[in-house]
Amino acid sequence: LSKLPSTPFEGVPLRCSSPRLVRCGHTTRASCAEQPREATGTAAEKMGTSPSKSKTPPSPPSGAQEADADATHGKADKRGRTELLNPATADPPRCVDDYHFVRKGNVWREPFPSHLSTAVFAAGCYWGTEKAFWRLPGVYSTAVGFIGGHKTNPSYQQACSGKTGHTEATQVVYDPSLISFADLLLLFWRCHDPTQGNRQGNDRGSQYRSGIYANNATDYAMALASRDAFQAELTKRGKRIITSEIPDPGTQDEVHRTFWYAEGYHQQYLSKPGARPYCSAEPTGVPVPTDFADEAAFKLPSKFWRSYNFSIRAPHAPVEVSKEALQKADQLQAQKAHANALQMQAMEAECDVIVRYCSGCGFKVKAEELGEMLDSLCQETDLGVEVGMIADVEATGAFEVRVKTPGEGGVQDTWELVHSKLATPSAGFVDSEAKLVGILEAIAEAQSLTEEERGDLR
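Residues numbered from 1 in each chain as written. Predicted model: local features only at pLDDT ≥ 70, side-chain atom pairs only at ≥ 80, totals over all residues. Heavy atoms only, no water.

Attention shifts here to the environment of Ser 180. As for its position among the elements, Ser 180 is in the loop between β3 (167–174) and α5 (181–190). Its relative accessible area of 8% is what places Ser 180 among the buried residues. The spacing of Ser 180 and Gly 138 is 42 residues in sequence and 8.5 Å in space, taken between C-alpha atoms. When residues no more than four places from it in sequence are discounted, the contact partners of Ser 180 are Tyr 174, Ala 297, Phe 298 and Lys 299. In this structure the side chain of Ser 180 is engaged in a polar contact, spanning 2.6 Å, whose partner is the backbone oxygen of Ala 297. (Helix = DSSP H or I, 4+ residues; strand = E, 2+ residues; numbered from the N terminus. Buried < 20%, exposed > 50% of the residue type's maximum accessible area, 1.4 Å probe, protein only. Contact = heavy atoms within 4.5 Å. Polar contact = N/O pair within 3.5 Å; in protein donor to acceptor, adjacent residues only side chain to side chain.)

What follows is the structure, encoded as structure tokens:
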């Protein structure tokens, strides 16, 4: 299930480390464990899940259900928690679930150490976005939630209804002496396609729109400058217009600019046992320019980005930025590139059709679907055509199909590029009958099929 972690602790309350004082959104000391927003129904029903996030989102709760949800949380503050004060100690107590699952010892919700800064980004499904940011050096913690809507403290079900106006977002808490807002912007533009409007890949709806939510005028101005710089690069390559939402923090009301935390089971979801490795992001592969800010504004070295893997298949652990770590990362990247080149050579010798795709999360599923379809069609018609699939080492934004024409009499085989998302941005993925027919026609021509065989293939 899309939002159902198959974990050993599913349905088991997480108890607070201090029974005296709780910071987990409940009004009584007896309810010190963070509970689901609804008190009845199965776990899947509580989460409003379906087998795929691309399916129709769950219906919004009724007025009575909303009232129950609000009652469960008591009179919460703007961050969705009720403060229970303990006069016996001045130390800020913590619920066990307040601590980041990966950044051990660091909390993912307020209060944070005073020297840290925060920023909020929306780049589609927040599971993958959060992981991309928590691995960055200098990041203290991350959390997922909702922003940009008109309802206070929305639940996941309410946000997914599309009626509250929120988008799924990730709050990044970072040390500005180690990593800067400019660095975070580089990852934001790299990790998804900001031109898709109210969707990201297969995830559709206003809750998946792209956005940058700055906390001050300086960051807001830099966000706009980075957008304009990246748009120039996209335009050069025939890409669409950026649709990312970048509101002015000085003109928004408190409800719209507040980041509302999502339920606990969503926090650092991808790092937890039994998590479903889902992400539908479709990075463009277009290099993000750095001329939107002075060189001194960036804390991470430029070589860091050459090997940084922001996909959900990357290790969960944070990345180091030492000289030794960067050298090791470069060596590993070179080894991967070499292995990838050898794999491509082997495929060109053995296969008749090759589907090459970007390593970004949303591309793999599309490639597998196409590969299975082509393989099935070729088997049904006894063509004996072998279909191979290969992922790029980096997030290139590529999705292409090449067809081989066998050489005869010592003549070398030739390959024809019959579909390319990079060469022709409007081509997109192979998501229509017309595009599939075009590929099949190229296969028929390359294999010198008879009219009868072509008819079977059609």
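Our focus in this paragraph is the nonpolar core. Of all hydrophobic cores here, the largest spans 40 residues; its most connected members are Phe 121 and Leu 136. A total of 8 residues in this core trace back to one element, the largest contributor, which is α5. What Phe 121 contacts, discounting residues up to four positions off in sequence, is Phe 133, Ala 169, Thr 170, Val 172, Phe 181, Leu 184, Leu 185, Phe 188, Gly 211 and Ile 212. With 25 residues, the next largest nonpolar core counts Ala 367, Phe 429, Ile 439 and Ala 446 among its residues. (Core = buried A, V, L, I, M, F, W, Y, C linked by side-chain atoms within 4.5 Å.)

So, on to helix α9 (residues 323–350). Residues spaced three or four apart along an α-helix point in a common direction, a consequence of the helix completing one turn every 3.6 residues. With 28 residues, α9 should reach 40 Å at 1.5 Å per residue; the first-to-last C-alpha distance of 41 Å fits that figure. Of the residues making up α9, those classed as buried are Leu 326, Gln 333, Asn 340, Met 344 and Met 347. In this structure, the buried residues of α9 make contact with α8 (304–307), β8 (353–357), β9 (387–391) and β10 (399–405). (Expected span 1.5 Å × (residues − 1).)

Another aspect to go through is the pairing of strand β1 (residues 117–123). Most of β1 sits inside the fold, with 5 of its 7 residues counted as buried. Direction of pairing for β1 relative to β3: antiparallel, over a ladder of 5 bridges. By the bridge assignment, Val 120 is partnered in β3 with Gln 171. Here 4 bridges tie β1 to strand β6 (residues 210–213), and the two strands are oriented antiparallel to one another. Considered in β6, the bridge of Phe 121 is made with Ile 212. (Pairing = 2+ DSSP bridges.)

Charged atoms that come close allow side chains of opposite charge to pair. Following the criterion strictly, the structure yields 13 salt bridges and no others. With a closest N to O distance of 3.1 Å, Arg 306 and Asp 330 form a salt bridge. Of this pair, Arg 306 sits in helix α8 while Asp 330 sits in helix α9, placing them 24 residues apart in sequence. Among the residues examined, Arg 306 registers a relative accessible area of 46% and is labelled partly exposed. By sharing partners, the salt bridges in this structure join Glu 233, Lys 236 and Arg 237 into a single network. (Salt bridge = Lys/Arg side-chain N within 4 Å of Asp/Glu carboxyl O.)

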